[in-house]
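Descriptive structure summary
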Amino acid sequence: MNATEKKNESNMWALEYQGPGLKGYVRKKRPEISSPTDAVVRITKTTICGTDLHILKGDVPSVKPGTTLGHEGIGVIESVGSSVTKFETGDRVLISCITSCGSCDYCKKAMYSHCVNGGWILGNKIDGTQAEYVRIPFADTSLYAIPDGVDEEAVVMLSDILPTGFECGVLNGKIGPGDVVAIVGSGPIGLASLLTAQFYAPSELIMIDMNEDRLKRASEFGATTIINSGKENVIDKVMEMTQGRGVDVAIEAVGVPDSFDVCQNIIAPGGRIANVGVHGKGVELRLEKLWDRNITITTRLVDTASTSMLLKTIVSGKLKPQKLVSHRFALSDVLKAYDTFGNAQKEKTLKVIISNE
Ligand SMILES: NC(=O)c1ccc[n+]([C@@H]2O[C@H](COP(=O)([O-])OP(=O)(O)OC[C@H]3O[C@@H](n4cnc5c(N)ncnc54)[C@H](O)[C@@H]3O)[C@@H](O)[C@H]2O)c1
Ligand SMILES: [Zn+2]
Ligand SMILES: [Zn+2]
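Residues numbered from 1 in each chain as written. Chains lettered and ligands numbered in written order. Predicted model: local features only at pLDDT ≥ 70, side-chain atom pairs only at ≥ 80, totals over all residues. Heavy atoms only, no water.

Notes on the site of ligand 1
- In the vicinity of ligand 1, 23 residues are found, and the nearest of them are Asp-209, Arg-214, Val-254, Val-276 and Val-302.
- Within the contact set of ligand 1, an oxygen atom lies 2.7 Å away from a side-chain nitrogen or oxygen of Asp-209.
- One nitrogen or oxygen atom from the side chain of Arg-214 is found 2.8 Å from an oxygen atom belonging to ligand 1.
- Bound to the protein, ligand 1 loses 84% of the 870 Å² it would expose on its own.
- Listing elements by their share of the shell around ligand 1, those giving two or more residues are helix H2 (50-57), helix H6 (161-171) and helix H7 (188-197).
- The residues that make up the shell around ligand 1 include at least three from each of domain 1 (3-160 + 304-355) and domain 2 (165-298). (Near = heavy atom within 4 Å. Polar contact = N/O pair within 3.5 Å; in protein donor to acceptor, adjacent residues only side chain to side chain. Areas by Shrake-Rupley, 256 points an atom, 1.4 Å probe, with all protein chains shown as cover. Helix = DSSP H or I, 4+ residues; strand = E, 2+ residues; numbered from the N terminus. Domains from an automatic or database assignment.)

Shown next as structure tokens:
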């Protein structure tokens, strides 16, 4: 091996954010262990999140040009720092989108999203998973062993979208047996809420979107009613369906003022509005209408506190999130994967799997 080859061995391919509107599939230095609690993982499968598209638009100023994107994926442990005790080289692991130190005040409350030493840092404040290798800080508390025989594409859905739809939507909305539930937005997150809402046997699951293909999938995944908000007046339709009462739980899974407004107009007395969407603009809160309705409004950044539980439901076959995968690409085609994911309506995209195997 000559000197150039040796030098190249310490390099890898990665999808890099290069400033608003700019990205590149580039050669970068392979990550190394920099703290005793780190692990370096060789990525085998990763995916793209709607949040990555927000970053590329320049909406997330914490992401600096030169950062490798991606906060989801699975892989194989390449090396571990001296104080990692739960994992060793060769272990297959799920990477959580939230890094947790396990010992700060927020981690002690299972509010890992606000971990003072971690939180959402992957593909944000540090290099992420859309690469051949990634460094994971606090490996013992931020990685999960993948059981043998489980569908790997299903496991990729556990890095972010399943815990998000479940924790921010279903748990915060306190869905119970017999509840009438409306989910505004049938993207991957809204559909993840739809799948996990069914743990609690609601009587109605109303899915709302303007994308016909996504609504069709929502029907296949258990929606009892679908409403195309581009064609129908959603508020009138829901109030008519519920004899003027409204819904017990409204999950906002879009992140724009309109979708929150639908939620506050269809909520029944005693109901819960669970906001999941990331909002870039203010929303008018209609307190003059809501003050006497005994409702609860919740917000949450995903904590991934439910990941172990959700993994068990995948192993048992109760939950099959692999059905959210619509397209597959090799890592070398990651730019094409971004085009397909960015044109969801035209390409009928939900989640894309990007493989490095
Ligand atoms: N709270 C968290 O921790 C967290 C974590 C991850 C993602 N998110 C956010 O959740 C939201 C949903 O994520 P996603 O990946 O499913 O996004 P997405 O963009 O793929 O899906 C949103 C869906 O909403 C539909 N839509 C747009 N405007 C609408 C309207 N007015 N009424 C009804 N439907 C409408 C779109 O057609 C699309 O299908 C995003 O805002 C995302 O940033 C939040
Ligand atoms: Zn995400
Ligand atoms: Zn912490």
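Concerning the sheet that holds strand E10 (residues 225-228)
- Taken in spatial order, the 6 strands of this open sheet run E10-E9-E8-E11-E12-E13, and their pairing is parallel. Two strands close off the open sheet at either side, each with one partner strand: E10 and strand E13 (296-298). With direction set aside, neighbouring strand axes in the sheet form an average angle of 15°.
- Relative to strand E11 (residues 247-252), strand E8 (residues 180-184) is paired through 4 bridges, and the arrangement is parallel. The partner of Ile-183 across the bridge, within E11, is Ile-251.
- Relative to the sheet, helix H8 (residues 212-220) contacts strand E9 (204-209) and E10, its axis offset from that of E10 by approximately 170°.
- Relative to E10, helix H9 (residues 234-241) is tilted by about 155°, and along the sheet it contacts E9, E10 and E11. (Pairing = 2+ DSSP bridges. Axes fitted to C-alpha atoms, helices over the stretch in contact; angles between N-to-C directions. Contact = heavy atoms within 4.5 Å.)

Digging into the coordination of the zinc ion (ligand 2)
- Looking at the zinc ion (ligand 2), one finds its protein donor set to be Cys-49 (SG), His-71 (NE2) and Asp-160 (OD), positioned 1.7 to 2.3 Å from the metal centre.
- All donor residues of the zinc ion (ligand 2) come from one chain, and their arrangement in sequence is C-x21-H-x88-D. With Cys-49 in the loop between strand E3 (39-46) and H2 and His-71 in the loop between H2 and strand E4 (73-80), this pair connects stretches of sequence that are 22 residues apart. (Donors = N, O, S within 2.8 Å, 3.2 Å for Na, K, Ca; no water.)

Examining the packing of aromatic side chains
- Scanning all chains against the criterion turns up 4 aromatic pairs.
- Taking the centre distance of 4.8 Å and the plane angle of 10° together, the rings of Trp-13 and Tyr-25 count as stacked. One end of the pair, Trp-13, is in strand E1 (residues 11-17); the other, Tyr-25, is in strand E2 (residues 23-29), and 12 residues separate them in sequence.
- Taking the relative accessible area as the measure of exposure, Trp-13 reaches 32% and is therefore partly exposed.
- Seen in terms of ring centroids, Phe-166 and Tyr-200 are 6.5 Å apart; in terms of plane orientation they differ by 10°. Their pairing is stacked. Linking Phe-166 in helix H6 with Tyr-200 in the loop between H7 and E9, this pair joins segments that are 34 residues apart in sequence. (Phe/Tyr/Trp six-rings, centres within 6.5 Å; stacked < 30°, edge-to-face > 60°. Buried < 20%, exposed > 50% of the residue type's maximum accessible area, 1.4 Å probe, protein only.)

Some details on H8
- By the burial criterion, the buried members of H8 are Asp-213, Arg-214, Leu-215, Arg-217 and Ala-218.
- If you follow the buried residues of H8, they end up packed against H7, E9, E10, strand E14 (325-330) and helix H14 (344-347).
- With a side-chain oxygen positioned 3.0 Å from the backbone nitrogen of Asp-213, the residue opening H8 is Asn-211.
- Taken from the residues just after H8, Gly-222 is the one with a positive phi, measuring 120°.

Side note on the environment of Val-63
- Relative to the helices and strands, Val-63 resides in the loop between H2 and E4.
- The buried category is assigned to Val-63, whose relative accessible area is 3%.
- Once you skip the residues sitting within four places of it in the chain, Val-63 turns out to touch Tyr-17, Ile-55, Leu-69, Gly-123 and Asn-124.

Overview of the coordination of the zinc ion (ligand 3)
- Surrounding the zinc ion (ligand 3) are the protein donor atoms Cys-101 (SG), Cys-104 (SG), Cys-107 (SG) and Cys-115 (SG), which sit 2.3 to 2.4 Å from the metal.
- Classification of the site at the zinc ion (ligand 3) rests on its 4 donor atoms, whose angles at the metal span 101 to 118°, yielding the label tetrahedral. (Tetrahedral: all angles 85-135°; square planar, octahedral: opposite > 155°, others 65-115°.)

Digging into the environment of Met-309
- Along the chain, the position of Met-309 falls in helix H12 (residues 307-315).
- In this structure, Met-309 is in contact with Phe-166 and Phe-199, ignoring residues within four places of it in sequence.

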